[in-house]
Amino acid sequence: MSEQDVLYEVTDGIATITINRPKKYNALNIAVVKRLRELFEQAEKDESVRVVVLTGTGEKAFAAGADITEFQGKDSKSVRALAENGQALCTYIESMSKPVIAAVNGFALGGGCEVAMACDIRYASANARFGQPEINLGIIPGFGGTVRLPRLVGLGIAKELVYTGDQIKAEEALRIGLVNRVFDSVEALRAGVDELAKKLSKKPGVAIRLAKQSLNNAWALPIRESLDFEVNVFCEVFDTEDMVEGVDAFLNKREPHFKHK
Ligand code: COA
């Protein structure tokens, strides 16, 4: 992999991770998946980073899936690491303590759609296309697509998308709840994502982390366990300096300045 296949930049507490193989529609080869994992870990450990943005270079693709050239010659044994690493990347993104925004600037197919689904919030440009086209290669999604897609859009729509392999437009993705917002152009998308990232970077970090955990639990755990967890972390945030600051700022009619403690 070229060092440049994934770019990393931190500005004002916002880490931007950019998949940078535009000639290959930002396809996720094994090396890129490994590098993405390293960079997400770097962003997680860097205390100056409050929000992470994942995007692709250019105006064509966010990521057009796993790199199909790496499938040839693989069998059930030799392909396992590829799926496990892809799934692990998605699980890592989902369980990070910081919000992760996917800025979907074009094709988000296969592994590209799966990585986007692991992010907390998806914003897309109007030219974005979503889909799980694996069926057309005689395979199935392997980075968590058959698990996250039905949770996001419902089982019936997920089955239709996975069985047909059809692509859907950004507006349709918005209608079914796969994305949060659609922007007219990639330029407008980047501005909209920047605005959201800046807004989130100013929110209290501990409360964001615990809210994310609690919301993730609602996906994965029985309701009673999720509710118990929420009560516990609701109590926990009352021990933070940010809670004292937030309540004081409200009562004194001023802007809060959170320290993420
Ligand atoms: N893996 C490897 N290479 C890919 C790729 C992928 N998932 N997706 C696109 N590319 C490459 C193409 O091979 C082509 O490379 P080349 O110029 O060296 O031939 C380049 O990216 C551009 O793709 P191309 O197919 O020529 O562009 P297009 O505009 O006609 O179509 C797509 C774009 C995304 C619809 C089409 O490339 C596609 O269907 N890609 C595969 C999507 C997929 O099945 N993903 C799931 C994989 S599990």
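In what follows, the structure referred to is the one given above.
Residues numbered from 1 in each chain as written. Predicted model: local features only at pLDDT ≥ 70, side-chain atom pairs only at ≥ 80, totals over all residues. Heavy atoms only, no water.

(A) Structural detail: the sheet that holds strand E7 (residues 121–125). Judged by pairing direction, the sheet is mixed, and its 6 strands sit side by side in the order E1-E2-E3-E5-E7-E10 without closing on themselves. Looking along the sheet, the strands with just one partner apiece sit at the ends: strand E1 (6–11) and strand E10 (181–183). Strand-to-strand twist in this sheet, taken as the mean axis angle between neighbours without regard to direction, amounts to 20°. When E1 meets strand E2 (residues 14–19), the two strands line up antiparallel, connected through 6 bridges. Across the sheet, Tyr8 pairs through a bridge with Ile17, a residue of E2. The sheet contacts of helix H1 (residues 30–45) involve E1, E2, strand E3 (51–56) and strand E5 (100–104), and relative to E1 the element is tilted by about 15°. Lying over the sheet, helix H7 (residues 186–201) contacts E2, E3, E5, E7 and E10, oriented at roughly 155° with respect to E7. (Pairing = 2+ DSSP bridges. Helix = DSSP H or I, 4+ residues; strand = E, 2+ residues; numbered from the N terminus. Axes fitted to C-alpha atoms, helices over the stretch in contact; angles between N-to-C directions. Contact = heavy atoms within 4.5 Å.)

(B) Region of interest: a nonpolar patch on the surface. A cluster of nonpolar side chains, Ile68, Leu137 and Ile139, forms an exposed patch at the surface whose accessible area comes to about 240 Å². Tracing the sequence through the fold places Ile139 in the loop between strand E8 (129–131) and helix H4 (145–153). (Patch = residues over 30% accessible without salt bridge, like charges linked within 9 Å, V, L, I, M, F, W, Y side chains within 5 Å. Areas by Shrake-Rupley, 256 points an atom, 1.4 Å probe, with all protein chains shown as cover. Salt bridge = Lys/Arg side-chain N within 4 Å of Asp/Glu carboxyl O.)

(C) Region of interest: helix H9 (residues 223–237). With 15 residues, H9 extends 21 Å from end C-alpha to end C-alpha; this agrees with the ideal 21 Å at 1.5 Å per step. Taken residue by residue, H9 has Ser226, Val233 and Val237 as its buried positions. For H9, the angular spread of the buried residues around the axis is 45°, confining them to a single face. Opposite its buried face, H9 presents the exposed residues Arg224 and Asn232, each directed more than 90 degrees away. Buried residues along H9 sit against helix H8 (205–220) and helix H10 (241–251). (Expected span 1.5 Å × (residues − 1). Buried < 20%, exposed > 50% of the residue type's maximum accessible area, 1.4 Å probe, protein only. Arc of directions from axis to C-beta.)

(D) Structural context of the pattern of salt bridges. Across all of its chains, the model carries 13 salt bridges by this definition. The partner of Arg175 in a salt bridge is Glu172, with the nearest N and O atoms 2.9 Å apart. Here Glu172 and Arg175 lie together in helix H6 (residues 170–175), a separation of 3 residues that amounts to about one turn. Of the residues examined, Arg175 reaches a relative accessible area of 61% and is grouped as exposed. Judged by relative accessible area, Glu172 falls into the partly exposed class, the value being 29%. Its salt-bridge partner being Asp194, residue Lys198 comes within 2.8 Å of it at the nearest N-O pair. Placement of the pair is Lys198 and Asp194 together in helix H7, with a separation of 4 residues, close to one helical turn.

(E) Geometry of the site of the ligand. With respect to spatial proximity, 16 residues lie near the ligand, and among them Lys24, Tyr25, Ala64, Ala66 and Ile68 are the closest. A distance of 2.9 Å separates an oxygen atom of the ligand from a polar side-chain atom of Tyr25. Ala64 is positioned such that a nitrogen or oxygen atom in its backbone is 2.9 Å from a nitrogen atom of the ligand. Burial of the ligand by the protein chains amounts to 59% of its free accessible area of 860 Å². Grouping the amino acids of the shell around the ligand by side-chain chemistry returns 10 nonpolar, 2 polar and 4 charged. (Near = heavy atom within 4 Å. Polar contact = N/O pair within 3.5 Å; in protein donor to acceptor, adjacent residues only side chain to side chain. Nonpolar A, V, L, I, M, F, W, Y, C, P; charged D, E, K, R; others polar.)

(F) Local environment of the side chain of Asp242. Tracing the backbone shows Asp242 in helix H10. One buried charged residue, Asp242, forms no salt bridge at all, with the nearest opposite charge on Arg50 at 7.3 Å. Here Lys259 takes part through its backbone nitrogen, which lies 2.8 Å from a polar atom of the side chain of Asp242. Discounting residues that sit within four places of it in the chain, Asp242 has contacts with Pro204, Gly205, Phe258, Lys259, His260 and Lys261. (Lys, Arg positive; Asp, Glu negative; His and termini not counted.)

(G) A look at the environment of Thr146. One can find Thr146 in helix H4. When its relative accessible area of 42% is taken as the criterion, Thr146 is described as partly exposed. Along the chain, Thr146 and Val162 lie 16 residues apart, while their C-alpha atoms are 7.6 Å from each other.

(H) The pairing of E2, seen in detail. Of all 6 residues that make up E2, 5 are buried, and the element is covered over most of its length. Strand direction decides the pairing type here: E2 and E3, joined by 6 bridges, are parallel. Opposite Thr16, over in E3, you have Val53 as the bridge partner. Viewed along the sheet, the connection from E2 through H1 into E3 turns out right-handed. (Right-handed = clockwise from strand over helix to strand, strands pointing away.)

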